[in-house]
Protein chains: 2
Amino acid sequence: MALKTLSAKAAAALDKELMSTGAFSIDQLMELAGLSVSQAVYRVHPPSRGRRILVACGPGNNGGDGLVAARHLRHYGYQPTIYYPKRSKNDLYERLVKQLEDLEIPFADDFPSALKSADHIVDAIFGFSFSGEVREPFPAVIQALGETKLPVTAVDAPSSWNIEEGPPKSGVGSAFNPDVLVSLTAPKPLVKHFKGRHFIGGRFVSPTIAKKYDFELPEYEGIDQVVEVGAGGQKL
Amino acid sequence: MALKTLSAKAAAALDKELMSTGAFSIDQLMELAGLSVSQAVYRVHPPSRGRRILVACGPGNNGGDGLVAARHLRHYGYQPTIYYPKRSKNDLYERLVKQLEDLEIPFADDFPSALKSADHIVDAIFGFSFSGEVREPFPAVIQALGETKLPVTAVDAPSSWNIEEGPPKSGVGSAFNPDVLVSLTAPKPLVKHFKGRHFIGGRFVSPTIAKKYDFELPEYEGIDQVVEVGAGGQKL
């Protein structure tokens with residue numbers, strides 16, 4: 001049975017609700033989202049498989065989740081490198097960057113050369129609020145993610161995919177199929193086109209909220225912040 | 001070899017530094033501290049040993065850590081009850097309470113009767129900033145914590161203990177010896193008087209900060225947010 005999905009519009013409304021009546025701050029939600037991503041990376045690619053993780057961050061919340069994940073990965077013993085070409089001037093993002101700088105985590109300017117010395121990639125470029133065109137400098141980055149043989153873990157959505165429709169028919173992103181996807185709070189409709197290992201993260205949603213937005217809370221185990229579900233969103 | 005400890009004064013300076021030059025928000029730090037506590041509780045008292053956790057929260061940051069821990073414990077499948085008689089009017093604390101209410105977590109007014117239907121207690125009343133007298137209504141609560149046969153997990157410090165000197169010589173708290181202690185960032189000097197299971201939490205401190213404050217970062221395993229060390233702070 002496929003898990004229920006959350007449209008881009010519903011995901012935006014849910015986010016807004018968590019931060020208004022839900023009383024969460026974005027600091028809290030981003031911390032827990034990034035933590036989920038870091039736990040999924042650890043599960044699919046433990047440090048014994050290679051410690052060099054390249055985290056590609058976009059300009060919005062998806063990028064912020066990546067910045068948080070990179071910090072946790074560093075504490076797990078990885079050696080992250082950040083590619084973050086379009087930095088937000090928002091205070092939270094500047095603080096997330098400072099936290100990484102204090103851990104001596106390098107920021108790369110050149111994506112292709114950073115890719116050459118990585119063992120695993122995290123795609124935190126665009127999330128559920130993406131639509132329309134991929135702006136510079138990300139087309140070449142997403143092209144490279146589609147071509148690399150390195151494993152890629154995408155945060156919430158494979159970047160450039162349409163949230164409802166999945167991969168673009170042609171051009172940038174049409175050949176991009178990440179190995180791992182971490183859906184935050186609930187899978188998005190694009191998941192039906194996804195073939196890799198699929199996790200759900202975001203263990204902070206109340207049963208009331210899940211009911212209101214008509215999705216199921218996955219059955220997390222123990223203290224885990226992520227749970228693996230089937231590719232395409234089937235329950236395992 | 002005993003782990004190095006952090007005096008009350010140094011712990012206050014460290015907290016201040018994390019939130020100024022360290023660029024962390026209190027939302028982030030409290031989220032990660034509370035998460036650490038929830039993981040320690042899960043380790044020493046998994047849900048199979050009883051799901052009813054009474055979380056006693058004081059008016060300050062230690063209480064906030066308890067509120068966050070209770071939320072995570074609820075997501076792990078526990079049934080927490082909160083005792084929080086002196087609520088902070090600070091926005092963060094009001095939001096943490098709302099997050100618990102949205103999970104239908106009950107708040108108890110009467111500590112003795114809440115104690116009767118608990119399997120495990122979390123003492124999040126006072127932390128490293130405690131000194132002087134225990135104020136109402138906490139003397140009777142700490143007295144009850146000293147008398148109960150239920151296991152108690154203390155957050156950062158057994159409440160009423162002097163941070164440097166340990167348990168008071170007489171009166172409230174002199175008979176209080178919790179079963180478990182979760183030291184946040186680094187053990188406090190009182191740990192030399194503590195005989196139970198001892199964990200360190202707070203996996204967000206950079207090596208530079210640890211060096212500056214002259215303590216060792218413990219060797220966390222995997223993705224764990226806590227690590228068990230010896231009673232009294234010896235390395236295991």
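Not measured: the values here are computed from a predicted model.

Criteria and cut-off values
Residues numbered from 1 in each chain as written. Chains lettered and ligands numbered in written order. Predicted model: local features only at pLDDT ≥ 70, side-chain atom pairs only at ≥ 80, totals over all residues. Heavy atoms only, no water. UniProt positions renumbered as here; feature names shortened; annotations may be inferred. Helix = DSSP H or I, 4+ residues; strand = E, 2+ residues; numbered from the N terminus. Least-squares fit on C-alpha atoms with pLDDT ≥ 70 in both. Core = buried A, V, L, I, M, F, W, Y, C linked by side-chain atoms within 4.5 Å. Buried < 20%, exposed > 50% of the residue type's maximum accessible area, 1.4 Å probe, protein only. Contact = heavy atoms within 4.5 Å. Phe/Tyr/Trp six-rings, centres within 6.5 Å; stacked < 30°, edge-to-face > 60°. Lys NZ or Arg CZ within 6 Å of the ring centre and 35° of its normal. Pairing = 2+ DSSP bridges.

A few words now on the UniProt feature "domain: YjeF N-terminal" (unreviewed entry) in chain A. In the numbering adopted here, UniProt assigns the feature "domain: YjeF N-terminal" (unreviewed entry) to residues 11-216 of chain A. Helix makes up 37% of residues 11-216 of chain A and strand 16%, whereas the separation of the span's terminal C-alpha atoms amounts to 14 Å.

Taken as rigid bodies, chain A and chain B are interconverted by a rotation of 180° and an axial shift of 0.0 Å, the fit giving an RMSD of 0.0 Å. Expressed as an axis order, the relation between the two copies is that of a two-fold axis.

This paragraph deals with the nonpolar core. Counting 100 residues, the largest nonpolar core has A:Leu67, A:Ile82, B:Leu67 and B:Ile82 as the members making the most contacts within it. Dropping the residues within four chain positions of it, A:Ile82 is found in contact with A:Val55, A:Cys57, A:Leu67, A:Ala70, A:Leu100, A:Ile105, A:Pro106, A:Phe107 and A:Ala108.

Per the stated rule, a full pass over the model turns up 12 aromatic pairs over all chains. Taking 6.0 Å as the distance between ring centres and 55° as the angle between the ring planes, the aromatic pair formed by A:Phe24 and A:Phe204 counts as tilted. Taken together, the residues span a long stretch of sequence, with A:Phe24 in the loop between helix 1 (8-19) and helix 2 (26-44) and A:Phe204 in the loop between strand 7 (197-201) and helix 7 (207-212) at a distance of 180 residues. Geometrically, the ring pair formed by B:Phe126 and B:Phe130 is stacked, given 4.7 Å between the ring centres and 25° between the ring planes. Given the relative accessible area of 12%, B:Phe130 is considered buried. An aromatic cluster is built from A:Tyr42, A:Tyr76 and A:Tyr78, whose rings are joined through pairwise contacts. The ring of A:Phe107 carries A:Arg87 above its face, with NZ or CZ at 4.7 Å from the centroid.

Quick look at the sheet that holds strand 2 (residues 79-83) of chain A now. All names here are of chain A. With respect to topology, eight strands assemble into an open sheet ordered 3-2-1-4-5-6-7-8, the strand pairing being mixed. In this open sheet, the two strands that pair with only one neighbour each are strand 3 (107-108) and strand 8 (226-229). Bridging between strand 5 (residues 152-155) and strand 6 (residues 180-184) involves three bridges; their strand directions are parallel. Across the sheet, residue Val155 finds its bridge partner in strand 6, namely Val182.

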